[in-house]
Amino acid sequence: MPETIKRYPDPDKPVHIIFVGAGAVGCFYASRLHHPSKNIHVSLIARSNYKALLDNGVKLQTHSFGDYTFTPHAVFPNVAAAASAPVQQWDYVIVTTKALPDRGDDSALIAPLIGPNSCIVLIQNGVGVEAPYRTRFPSTPIISAVTVVSAEQISLGVIRQNRWTRIHLGPYSNSASFDTSTPATKDREAPSATPKGETGGLTPTGSSPSPSSSAPSPSPSHTLTPTDLALQQKGHDLAARLTSYLVHLGSIRDAHLSSESHLQLIRWHKLCINAAFNPCSVLSGGLGNAEMVRDLELRLFLSSIMYEIWDAAPLILGLPKGEGFDKDPKGFAAPEKILKSTERNVGSKPSMLLDWEAGRPLELEVIVGNPVRIARGRGVEMPRLQGVYALLRSMQGVRERRKREGKL
């Protein structure tokens, strides 16, 4: 469960925070962390909106805090410029860009910003996003963060926050790393299944159901080493301090500090929504959220994907029996509740559909591909999600090939 947020005294020396990615989410949280009078200074690395932010700052229209202008400590056009800035060190390097590991390695991008006392914070969608950063920075504390915030950039440098400000932060050592290299074409024994509502339960590949449970939990795949434990403790301390800044200075009352295992469970719960609605909106021909759940066949398919992830996540994370989503029903909305509330979400389009319509790359790997590979590495198959991944990956590949050939 999230912890009570301790209030820390104001820093006695400047704390420099830099956001890599000045989109809606990055600008919103940056604006709540920037408190020069308290010795906390926030800078931004921007791309398309660089000039607007440099000239006018960030104009925010918020549901939670009214309208205000955020003037960053500095605005940079790229990482190289930020790396040469006259600051002693970047204490927190917060990454809020889209996670596109199939297009490039963001861990290499931020390398010039990372010093011996820096902390990396990842506010990104999907699962497995931490792995490349841990590989490149084995001794750097990493904070993993999951946010539910409704924010959009309505014009360059103008951010509108509509609802919600919730963010969960927790340390990341190496305990949630898994072998994700299993080839998609490798033959594996089909998993057995037991009914669960209309969707079916999951059993780890090669396992047999026990009389009392449709899927016995495997043991954790990784034992924390002393180095991992030290990283986890340091990451927890730094996450606690950052969460305190958000809550007590930035008035983000629903910023929560979580343990590493609980934070990863939160990531997989958000995936229940993202991995169902995002790809299906593209595969359905461009339907929005409410349109999909009002179609009976699509609703059933969305539900089946959500329950596939719901059942698989505790197994993948190696949680003890009874430690999954159902243990904390108030904290994790069940698929039926999510589907029901989505009926009112008329006019809303998932981000993947917006990217598809704009011809932008999709966050396909971290939202769909990584979960399938991570699960397979733990002996758990997710056939519905794997089918969605295969189809959408093929669609994206065909469109890009046709674009290169001049046929689009």
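Quick caveat, the model's predicted, so the values are computed rather than measured.

Undergrad: Explain the overall build of the protein chain here, please?
TA: What the protein chain contains, in helices and strands, is 13 helices and 10 strands. Looking at the 408 residues of the protein chain, the share that counts as buried comes to 51%. Within the protein chain, residue pairs in contact and separated by at least 24 positions form 74% of the contacts whose partners lie at least 6 positions apart. Roughly 18,500 Å² of accessible area belongs to the protein chain as shown, and the carbon and sulfur atoms make up 52% of that amount.

Undergrad: Looking at this structure, how should I read the environment of Asn49?
TA: Examined against the element boundaries, Asn49 turns out to sit in the loop between β2 (40-45) and α2 (50-56). Overall, the relative accessible area of 3% leaves Asn49 in the buried class. Through-space distance from the C-alpha of Asn49 to that of Ser155 is 8.9 Å; in sequence the pair is 106 residues apart.

Undergrad: Looking at this structure, how should I read the packing of aromatic side chains?
TA: Here the distance between the centres and the angle between the planes together describe a pair of aromatic rings. Counted according to the given criterion, the structure contains 6 aromatic pairs. Their ring planes at 35° and their centres at 6.3 Å tell us that Phe28 and Phe65 sit as a pair that is tilted. You can see Phe28 sitting in helix α1 (residues 24-33) and its partner Phe65 sitting in the loop between β3 (58-62) and β4 (66-70), a full 37 residues away along the chain. Exposure remark for Phe28: the relative accessible area of 0% places this residue in the buried category. Where Phe76 meets Trp90, the ring centres are 6.1 Å apart and the plane angle is 85°; that geometry is what we call edge-to-face. Of the two residues, Phe76 is situated in strand β5 (residues 75-76) and Trp90 in the loop between α3 (79-83) and β6 (92-95); the sequence distance between them amounts to 14 residues.

Undergrad: What is the right way to read the pairing of β4 from this model?
TA: Along any regular strand, the residues point their side chains to alternate faces of the sheet. Where β3 lies against β4, 5 bridges are found, and the strand directions are antiparallel. Paired with Leu60 across the strands is Tyr68, a residue of β4. As consecutive antiparallel partners, β3 and β4 are separated by 3 residues.

Undergrad: Just checking my understanding: could you explain helix α6 (residues 226-249) for this structure?
TA: Every α-helical turn comprises 3.6 residues, leaving residues that sit three or four positions apart pointing alike. The end-to-end C-alpha distance of α6, which contains 24 residues, comes to 34 Å, matching closely the 34 Å that a straight helix rising 1.5 Å per residue would cover. Here α6 has its buried residues at Asp228, Leu231, Gly235, Ala239, Ala240, Leu242, Thr243, Ser244, Tyr245, Leu246, Val247 and Leu249.

Undergrad: Whenever I open this one, α1 confuses me. Can you help?
TA: Counting buried residues in α1 gives 9 out of 10 residues, a clear majority hidden from the surface. By the burial criterion, the buried members of α1 are Ala24, Gly26, Cys27, Phe28, Tyr29, Ala30, Ser31, Arg32 and Leu33.

Undergrad: Help me out: how do you make sense of the nonpolar core in this one?
TA: Generally speaking, soluble globular proteins have nonpolar side chains that are buried together. Formed by 51 residues in total, the largest nonpolar core has its most connected members in Trp268, Phe277, Leu302, Ile309 and Leu385. Non-local contacts of Ile309, meaning those with residues more than four positions away in its chain, are made with Trp268, Leu271, Cys272, Ala275, Phe325, Met382 and Leu385. Core analysis: the next-biggest nonpolar cluster, separate from the first, contains 42 residues, Tyr8, Ala22, Cys119 and Ala145 among them.

Undergrad: Is there a simple way to think about the pairing of β3 in this case?
TA: Only one face of β3 is buried, namely the one carrying Val58, Leu60 and Thr62, since none of Lys59 and Gln61 on the opposite face is buried. Pairing analysis gives 4 bridges linking β3 to strand β9 (residues 158-172), with the strands arranged parallel. Looking across to β9, one finds that Thr62 is bridged to Gln161.

Undergrad: Quick question: what am I supposed to make of the packing of helix α7 (residues 260-283) against helix α9 (residues 296-316) here?
TA: For any two helices packed against each other, one specifies the inter-axial angle together with the distance between the axes. The interhelical angle for the contact between α7 and α9, taken along N-to-C directions, is 150°, at an axis separation of 9 Å. Overall, the two elements α7 and α9 adopt an arrangement that is roughly antiparallel. Here α7 and α9 pass one another in a crossing that is right-handed. Here Trp268, His269, Leu271, Cys272, Ala275, Ala276, Phe277 and Cys280 of α7 come into contact with α9, specifically with Phe301, Leu302, Ile305, Met306, Ile309, Trp310, Ala313 and Ile316. Looking at the contact of α7 with α9 residue by residue, the class counts come to 15 nonpolar, 1 polar and no charged.

Undergrad: Explain the confidence of the model for the protein chain to me, please; I cannot follow it from the model alone.
TA: Predicted coordinates in regions of low pLDDT should not be interpreted in detail. When pLDDT is averaged along the protein chain, the result is 87, and 86% of the positions lie at 70 or above. Contacts from residues 180-221, a stretch scored under 50 in pLDDT, to residues over four places away or in other chains number 79 contacts.

Undergrad: Can you walk me through the pattern of salt bridges in this structure?
TA: Under the defined criterion, the tally for this structure stands at 16 salt bridges. A salt bridge links Asp55 to Lys51; the shortest N-O distance between them is 2.7 Å. Note that Asp55 and Lys51 are positioned in helix α2 at a spacing of 4 residues, about one turn of the helix. For Lys51, a relative accessible area of 57% translates into the label exposed.

How each quantity is defined
Position numbers for residues count from 1 along each chain, tracking the sequence in the order it is written. Reporting of local features is limited, given that this is a predicted model, to residues whose pLDDT is at least 70; pairs of side-chain atoms are given and counted only at 80 or more, and all residues count toward the totals for whole chains, interfaces and linings. Working from all heavy atoms in the structure, the side-chain values ignore hydrogens and water. Put simply, DSSP H or I for four residues or longer makes a helix, DSSP E for two residues or longer makes a strand, and each gets a number counted from the N terminus. When a residue's accessible area, from a 1.4 Å probe over protein chains only, is under 20% of the maximum for its type it is buried; when over 50% it is exposed; and in between it is partly exposed. The contact definition used throughout considers only heavy atoms, calling two residues in contact when any of these lie within 4.5 Å. Accessibility throughout is a Shrake-Rupley quantity obtained with a 1.4 Å probe, and a residue counts as covered only by protein chains that appear here. Centres within 6.5 Å make a pair out of two Phe, Tyr or Trp rings, where for Trp the six-membered ring is used; the pair is then stacked when the planes are under 30 degrees apart, edge-to-face when over 60, and tilted otherwise. At least two DSSP bridges between two strands are needed for those strands to be called paired. The span one expects for a helix is its residue count, reduced by one, times 1.5 Å. For this analysis, a nonpolar core means a set of buried residues of the types Ala, Val, Leu, Ile, Met, Phe, Trp, Tyr and Cys, connected via side-chain atoms within 4.5 Å. Interaxial angles span 0 to 180 degrees and are taken between N-to-C directions of axes, which are lines fitted to C-alpha atoms, for helices over the stretch in contact. Each angle gets one of four labels, with under 35 degrees taken as roughly parallel, over 145 as roughly antiparallel, 65 to 115 as roughly perpendicular, and the rest as oblique. Definitions for this section: a left-handed crossing has its near helix turned counterclockwise from the far helix by less than a right angle. A right-handed crossing has that turn clockwise. Residue polarity follows a fixed list, in which Ala, Val, Leu, Ile, Met, Phe, Trp, Tyr, Cys and Pro are nonpolar, Asp, Glu, Lys and Arg are charged, and the others, Gly among them, are polar. How sure the predictor is of each residue is captured by pLDDT, a score from 0 to 100. Salt bridges are defined by distance alone: a side-chain nitrogen of Lys or Arg within 4 Å of a carboxyl oxygen of Asp or Glu.

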